[in-house]
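# Structure assessment
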Amino acid sequence: MTESIGFIGLGAMGKPMAVNVLKKGFPLTVCDINPAPVKELVGLGAEEGKTPYEVAIKSGIIITMLYNDAIAKEVVMANNGLMSGFKSNSILIDMSTLLPSTGRLLASEAEKRKGGFLGAPVTRGPKGAREGTLTIMVGGKKELFDRCLPLFQAMGKQIHYVGENPESGYVFKLVNNFLSTVHSAVAAEAMAFGVKAGADPEKLFEVISNGSGASYMFDLRVKNMLKGNVDVLTLPIQGIFKDLETITDYGKEIAFPMIFPTIAQQKYLEGMAAGIGRKDPSALVELYENRHNISVRKEVK
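Now for a description of the structure that goes with this document. In this text, all values refer to a predicted model and were calculated from it rather than measured experimentally.

Moving on, we get to the nonpolar core. Of all hydrophobic cores here, the largest spans 36 residues; its most connected members are Ile93, Met95 and Phe152. Within the residue set of this core, elements represented by two or more residues are strand 1 (5–8), helix 1 (14–23), strand 2 (28–31), helix 2 (35–43), strand 4 (61–64), strand 5 (91–94), strand 8 (134–139) and helix 7 (142–155). With seven residues, the single largest contributor to this core is helix 7. Once residues within four sequence positions are removed from consideration, Met95 is found in contact with Met17, Ile63, Thr64, Met65, Ala120, Pro121, Val122, Ile136, Phe152 and Met155. Listed in part, the 33 residues of the second largest apolar core include Ala187, Val222, Ile276 and Val296.

Next up, the structure:
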């Protein structure tokens, strides 16, 4: 695959993803409102696109990795936006966490210009982005997926084609985020409950990790809690709040009550109000430690 690639959005996820695309030998044009990651990628061999329009003009496949729906619509559809330079037979791959309805809108804009669209959100966080081990959930026409598969393989380890509907990947991502965000919040409360009741935190973690209450997020978050390692390791509390907003908004769109995400969102909001919004979700345990005068954070060997 020798097609020229564009990449718009070089944040905590986008920058390492773009680096991996470049490492695999794809010609790459990059764009971001922050000049620092652009300069870094140019130093590695990428070309700078001054605007989304310029990236689209220079690229056959354009990847967007953006913070939210409003920014995605602005980048793609505004004057001098990506669609202003989008060519027939080009493909837009959006890898952001967006509402499925936003994905449908972006797909419609691409198809109006006789191009293609794939909604391909990711999971496994910045670490997976750096290591090229992301899980990627791709919705859209199968022939477009096949054309872009080598590009997905540059960024991820688990590449899942989830259906012809361009909204499909976003639905899978929202379900993933539903579970991971709720699990993270519940893990903090459960550990604090056990410690308040007299359990040794290390022994509690050991036993639950080998029982039916174990989960990937329980293991990840509680290890960080016990070490006191609550600086940003994945997505910060305020970022998870944003993702939960997307989940609950989509529940409203399809008339599906979102009980557990709504409750979990309030816990993340409490964390933001307490001044820990920029910390890892593991830091939610601090809310319980302060309230109940307990210490969950002990060293795990």
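Right, let's get into the packing of aromatic side chains. The geometry of an aromatic ring pair is captured by two quantities: the separation of the ring centres and the angle between the planes. Enumeration over the complete set of coordinates arrives at three aromatic pairs. A ring pair is formed by Phe145 and Tyr161, whose centres lie 5.0 Å apart and whose planes are at 40 degrees; its orientation type is tilted. Taken together, the positions of Phe145 in helix 7 and Tyr161 in strand 9 (residues 156–163) put the pair 16 residues apart, joining distant regions of the chain. Judged by relative accessible area, Tyr161 falls into the partly exposed class, the value being 26%. Here a set of aromatic residues connected by ring pairs shows up, and it is made of Phe145, Phe152 and Tyr161. A cation over an aromatic ring shows up here: Arg291 above the ring of Tyr288, its NZ or CZ 5.9 Å from the ring centre.

Turning our eyes to something else, we now look at helix 7. Here helix 7 contains 14 residues, and its C-alpha end-to-end distance of 19 Å stays within 8% of the 20 Å for a straight helix at 1.5 Å per residue. The sharpest bend along helix 7 reaches about 55 degrees and sits at Cys148, with the proline Pro150 one to four residues further on. When helix 7 is considered as a whole, its buried residues turn out to be Leu144, Phe145, Cys148, Leu151, Phe152, Ala154 and Met155.

Attention now moves to the packing of helix 12 (residues 259–273) against helix 13 (residues 285–292). Running from N to C, helix 12 and helix 13 cross one another at 70 degrees; their axes reach a closest spacing of 9 Å. Regarding the angle of helix 12 to helix 13, the classification is roughly perpendicular. Across the interface between the two elements, Lys267, Glu270 and Gly271 from helix 12 touch Leu287, Tyr288 and Arg291 from helix 13. For the contact of helix 12 with helix 13, the residue count by class is two nonpolar, one polar and three charged.

Our focus in this paragraph is the side chain of Gln265. Note that Gln265 resides in helix 12. A relative accessible area of 6% places Gln265 in the buried class. Engagement of the side chain of Gln265 in a polar contact is seen with the side chain of Glu245, the distance being 2.5 Å.

What follows concerns the pairing of strand 9. In this sheet, strand 9 lies alongside strand 8 in parallel orientation, the contact comprising six bridges. By the bridge assignment, Ile136 is partnered in strand 9 with Ile159. Chirality of the crossover, the property in question, places the unit of strand 8, helix 7 and strand 9 among those that are right-handed.

Looking at where Lys242 falls in the secondary structure, it is placed in helix 11 (residues 237–253). A distance of 2.9 Å separates the side chain of Lys242 from the backbone oxygen of Tyr67, its partner in a polar contact.

So, on to the pattern of salt bridges. Applying the stated criterion to the full structure yields 20 salt bridges. Arg221 is the partner of Asp280 in a salt bridge, and the nearest nitrogen-oxygen pair spans 3.5 Å. Of this pair, Asp280 sits in the loop between helix 12 and helix 13 while Arg221 is found in helix 10 (residues 216–227), placing the two residues 59 residues apart along the sequence. According to the relative accessible area criterion, Asp280 is buried, its value standing at 0%. For Arg221, a relative accessible area of 4% puts it in the buried group. Two residues, Arg297 and Glu289, come together in a salt bridge whose shortest N-O distance is 2.9 Å. Arg297 gets classed as partly exposed once you look at its relative accessible area, which sits at 33%. Overall, the relative accessible area of 5% leaves Glu289 in the buried class. A cluster of three or more residues bridged by salt bridges with shared partners is formed by Lys279, Glu286, Glu289 and Arg297.

Residues of helix 4 (residues 69–77) that are buried: Asp69, Ala72, Val75 and Val76. Summarising the axial view, the buried residues of helix 4 lie within an arc of 130 degrees, below the 170-degree limit, and thus occupy one face. Summarising the geometry of helix 4, the exposed residues directed more than 90 degrees from the buried face are Ala70 and Glu74. Where the residues of helix 4 are buried, they touch strand 1, helix 3 (52–58), strand 5, helix 5 (100–112) and helix 11. If you check the start of helix 4, you find a side-chain oxygen 3.3 Å away from the backbone N of Ala70, and it comes from Asn68.

Criteria and cut-off values
- Counting of residues starts from 1 at the beginning of each chain's written sequence and follows it residue by residue.
- Totals for whole chains, interfaces and linings use every residue, but because this is a predicted model, local features are given only for residues with pLDDT of at least 70 and side-chain atom pairs only at 80 or more, for both listing and counting.
- Only hydrogens and water are removed before side-chain values are computed, so all heavy atoms of the structure are retained for them.
- Side-chain atoms within 4.5 Å are what join buried Ala, Val, Leu, Ile, Met, Phe, Trp, Tyr and Cys residues into a set we call a nonpolar core.
- To sort residues, take the accessible area from a 1.4 Å probe on protein chains only and compare it with the maximum for the residue type: under 20% means buried, over 50% means exposed, and anything in between is partly exposed.
- Runs of H or I in DSSP of at least four residues are treated as helices and runs of E of at least two as strands, each being numbered from the N terminus.
- Residue contacts are counted whenever heavy atoms from the two residues lie within 4.5 Å of one another.
- In summary, the pairing rule links any two rings of Phe, Tyr or Trp, Trp by its six-membered ring, whose centres are within 6.5 Å, and it sorts them by plane angle into stacked for under 30 degrees, edge-to-face for over 60 and tilted for everything else.
- To sit over a ring, a charge needs its Lys NZ or Arg CZ within 6 Å of the ring centre and within 35 degrees of the ring normal.
- Any helix carries an expected span of 1.5 Å times its number of residues minus one.
- The angle between axes fitted to the seven residues ending at a residue and the seven residues starting there is what we call the bend at that residue.
- Interaxial angle, 0 to 180 degrees, is taken between N-to-C directions of lines fitted to C-alpha atoms, where a helix line uses only the stretch in contact.
- In this scheme, roughly parallel covers angles under 35 degrees and roughly antiparallel covers those over 145, while 65 to 115 is roughly perpendicular and the rest are oblique.
- Under the scheme applied here, ten amino acids are nonpolar (Ala, Val, Leu, Ile, Met, Phe, Trp, Tyr, Cys and Pro), four are charged (Asp, Glu, Lys and Arg), and all others, including Gly, are polar.
- Throughout this description, a polar contact denotes any pair of N or O atoms lying within 3.5 Å of each other; where both atoms belong to protein, one of them has to be capable of donating a hydrogen while the other can accept it, and for residues adjacent in sequence the pair is counted only when both atoms sit in side chains.
- Pairs of strands are assigned from DSSP output, requiring at least two bridges between the strands.
- Handedness of a crossover is defined as follows: orient the strands so they point away from the viewer, and if the path from the first strand over the helix to the second runs clockwise, the crossover is right-handed.
- Counted as salt bridges are all cases of a side-chain nitrogen of Lys or Arg within 4 Å of a carboxyl oxygen of Asp or Glu.
- The arc in question is formed by the directions pointing from the helix axis toward the C-beta atoms.

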